[in-house]
Amino acid sequence: MRTYEEYSEWLQAHLKQLEVEGVRIFKLSTTEREEFKRCRRRWDFASLSRQGLEPKRPAHALWFGTGIHLGLEKYYGENLDPSKVFREWGSQEIERLRAAQGFLWVEEINAFEETIDLGCKMLENYVAWAQERDPQDFVEVIYTEKEFQVPVRDLQGNIARFTDAGGQVWEIHLVGRLDMIVRDSLDRIWLQDHKTSKDKLDPEILIHNDQMVVYLWAAQEIFQVPFAGAFYNVLRKKLPTVPRVLANGRGLSQDKNIDTTYEVYYNAIVENGFDPEDYSEILEHLKSKPNTFFQREKVRKNQHEIRMAGAMLYLEAVDMLNSPFIYPNKTWDCKWDCDFAKLCLSIDRGDDTAWMLEHLYQKRTPEEGSVYNRERTDE
C-alpha cells in the first residue's frame, strides 16, 4: 500500500512538470459535478472555474456538517473530545461570520448558538455509541481527513488532457477530502464517510451515492490497493427525547413510541427519584431497540463499478470545459437546496442584481474559511 506521503511527493513533482509545460489544471470536485448536472446557472455562479461565488452567510446544514466533521477528525485522529472541539470551532465561526457580513442579528446569533449546543450534545452521545460500535467494524484507523488531488484518466487509461478553443491545454484533476480510511479484521480497506441527517438514511439510497464510488476510485489511485467499499457513518440531527413527568408528578410517561435511548430514559428515572424496577418493561424495550440516532451502513463496491466511476469523471469534465450553454433548471427544491435561488429570480425578473452580489455574496477561496471548501455531504 502506497502511503499518502509518497503520493503527495509524486503529485508535487507532477505539478511542477505541468507548470514547465504551460498546462493548466481543471479541478473537478463532487460539489461542482453535482451542481453542473443539477443546474447550469447555479454551477456558473459557484464554480471556481466560472464566477466563483458563495454566500457570505452559509446554509445552516453545510455550516453544521463542517463542524461535525472537524470534531470527528480530532476524535479519531488525535483522541480529543469532539464536543469541546465543536464548541470552540462554533464560537470562532460566529465571529468570522459577523466579520464577513458586517453584523449578525441577535436572532441569528441565538440560532447559531442553539445549533452549537445541538452539535456538542450529539457528539457527546456519539462517543458513547462509537466506543461500543467501532470495534465491530474496524481494527485500525489508517488516516483521517486527507485532502486529495488526483489526475483523471481518459477512456484509454491515460492522464486526461483537454485543449480548449484558445489552444490552452488543461489537465483534469479530481479534488476532494477523504473523511477516514480504516482497516477491518479481515485486512480489508474501507473508506468511512461522515454524514449528518434529519432522519435515518435509506441503505438503498446510499448504494446509489455517486460521490462515494468516485472517492473510492481516487483512493485506489492514491494508495494503489483495492478498497472493499465504504462505511456511511450517519449522525442524526436530533437529541433523544427526555420522557415527560406525568401530570400527577408520580412517574414518567411509558409511551413506547418515545424517540429516545435506554440511557436517556434510565437517567431520567434516577434524576426524578423514581425506582427503575417500576420501569423494567419500557427499559427492556429500549434496550432491545436499535439506536436510531446513529447509523453505520456498509456499502460494498466491486472493481468494475469503481473503474466505471472513474471513466465518467472524464466525460463530465470535458462537458464543463467545452463552453457549455448556461441556463437554469428550476425545481421545487430550489427554495431550500440552492444558495442562489433569490439571485436567480432577480435575474429572471430583470432586476438590478448589483446590490445582492455586493452584500450577500463573496468570491470563493480555497482557504478553510470558505463555506464551499468542504463538499456538500449533509442533508
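So, a few notes on the structure that sits alongside this text. (Residues numbered from 1 in each chain as written. Predicted model: local features only at pLDDT ≥ 70, side-chain atom pairs only at ≥ 80, totals over all residues. Heavy atoms only, no water.)

### Considering the overall build of the protein
Put simply, the rule is: Starting at the N terminus, helices and strands are each numbered in turn, a helix being any DSSP run of H or I of at least four residues and a strand any DSSP run of E of at least two. The buried label applies to any residue whose accessible area, calculated with a 1.4 Å probe on protein chains only, is under 20% of its type's maximum; exposed applies above 50%, and partly exposed to all values in between. Note on contacts: a residue pair is in contact if any heavy atoms of the two residues lie within 4.5 Å. Per-residue and other accessible areas were derived by the Shrake-Rupley procedure at a 1.4 Å probe size, with only the shown protein chains allowed to occlude residues.
If you tally the helices and strands in the protein, you get 14 helices and nine strands. The C-alpha extent of the protein, read off along each of the three principal axes, is 80 × 55 × 35 Å. Relative to its full complement of 379 residues, the protein shows a buried share of 49%. Partitioning the contacts of the protein with sequence separation of at least 6, the portion at a separation of at least 24 is 75%. Looking at the protein as shown, the accessible area adds up to about 19900 Å², and 50% of this sits on carbon and sulfur atoms.

### Quick notes on the nonpolar core
The condition that has to hold: As used in this record, nonpolar core signifies buried Ala, Val, Leu, Ile, Met, Phe, Trp, Tyr and Cys residues forming a set joined through side-chain atoms within 4.5 Å.
Ile 181, Leu 191, Phe 223 and Phe 227 are the most contacted members of the largest nonpolar core, which has 50 residues in total. Counting residues per element, the ones that place at least two in this core are helix H1 (4-21), strand E1 (24-28), strand E3 (140-151), strand E5 (169-183), strand E6 (189-197), helix H8 (210-223), strand E7 (229-236) and helix H11 (303-321). Among the elements that make up this core, the one with the highest residue count is H8 (10 residues). Not counting residues up to four positions away in its chain, the partners in contact with Ile 181 are Glu 140, Val 141, Ile 142, Tyr 143, Ile 189, Trp 190, Leu 191, Phe 223 and Phe 227. Leu 97, Met 122, Val 127 and Phe 138 belong to the second-largest nonpolar core, a separate cluster that totals 30 residues.

### Some words on the environment of Ile 347
With respect to the helices, strands and loops of the structure, Ile 347 is situated in helix H13 (residues 341-349). When neighbours within four sequence positions are excluded, Ile 347 is seen to be in contact with Arg 41, Phe 45 and Thr 353.

### So, the pairing of E5
The following threshold applies: When DSSP finds at least two bridges between two strands, those strands are taken to pair.
Burial runs high along E5: 13 of the 15 residues are buried. Of the strand pairs in this sheet, E1 and E5 are connected by five bridges, and their pairing is parallel. Residue Phe 26 lies in a different strand from E5, and its bridge partner there is Ile 172. Looking at chain direction, E3 and E5 are connected through 10 bridges and run antiparallel. Across the sheet, residue Glu 140 finds its bridge partner in E5, namely Arg 183. In this structure, strand E4 (residues 161-163) lies alongside E5, joined through three bridges in antiparallel fashion. Bridging from a neighbouring strand, Arg 161 pairs with Glu 171 of E5. Counted along the chain from E4 to the antiparallel partner E5, the turn is five residues long, and its residue Gly 167 has a positive phi close to 90°. Where E5 lies against E6, four bridges are found, and the strand directions are antiparallel. The residue bridging Ile 181 from the neighbouring strand is Leu 191, located in E6.

### What about the packing of aromatic side chains?
Stated precisely, the cut-off is as follows: Aromatic pairs are defined between Phe, Tyr and Trp rings, using the six-membered ring for Trp, whenever the two ring centres lie within 6.5 Å; interplanar angles under 30 degrees are classed as stacked, those over 60 as edge-to-face, and all others as tilted.
For the structure on display, the rule yields 20 aromatic pairs. The interplanar angle of 35° and the centroid separation of 5.7 Å between the aromatic rings of Tyr 7 and Trp 10 together place this pair among those described as tilted. Of this pair, Tyr 7 and Trp 10 both sit in helix H1, three residues apart, which is roughly one turn of that helix. Looking at Trp 10, the relative accessible area reads 36%, which means it is partly exposed. Summarising the aromatic geometry, the rings of Phe 36 and Trp 43 are spaced 4.9 Å apart at their centres and angled 80° between planes, so their arrangement reads as edge-to-face. A relative accessible area of 7% means that Phe 36 is categorised as buried. On the accessibility criterion, Trp 43 (0% relative accessible area) is buried. Here a set of aromatic residues connected by ring pairs shows up, and it is made of Tyr 75, Tyr 76, Tyr 126, Trp 129, Phe 138 and Phe 294.

### Concerning helix H5 (residues 82-101)
Under the convention used in this document: Expected helix span is given by 1.5 Å per residue-to-residue step, counting one fewer step than there are residues. Polar contact is the term for a pair of N or O atoms within 3.5 Å; when the atoms are in protein, one must be able to donate a hydrogen and the other to accept it, and sequence-neighboring residues count only if both atoms are side-chain atoms.
For H5, built from 20 residues, the straight-helix expectation of 28 Å at 1.5 Å per residue is met to within 8% by its first-to-last C-alpha distance of 28 Å. The N-capping residue of H5, defined by a side-chain oxygen 2.9 Å from the backbone nitrogen of Ser 83, is Asp 81. Count one or two residues on from H5 and you reach Gly 102, which has phi positive near 95°.

### What to know about the packing of helix H2 (residues 30-38) against H11
Let me state the cut-off plainly: Axes, fitted as lines to C-alpha atoms, cover a helix only where it is in contact. Angles between the N-to-C directions of the axes lie from 0 to 180 degrees. When the near helix sits turned anticlockwise from the far one by under a right angle, the crossing is termed left-handed; a clockwise turn instead gives a right-handed crossing. Charged residues are taken to be Asp, Glu, Lys and Arg, nonpolar residues to be Ala, Val, Leu, Ile, Met, Phe, Trp, Tyr, Cys and Pro, and polar residues to be all remaining types, Gly included.
Where H2 contacts H11, the axes come no closer than 11 Å and their chain directions differ by 65°. For the pair H2 and H11, the sense of crossing is left-handed. Across from Glu 32, Arg 33, Phe 36 and Lys 37 in H2, the residues of H11 making contact are Leu 313, Glu 316, Asp 319 and Met 320. Taken together, the residues of the contact of H2 with H11 break down into three nonpolar, no polar and five charged.

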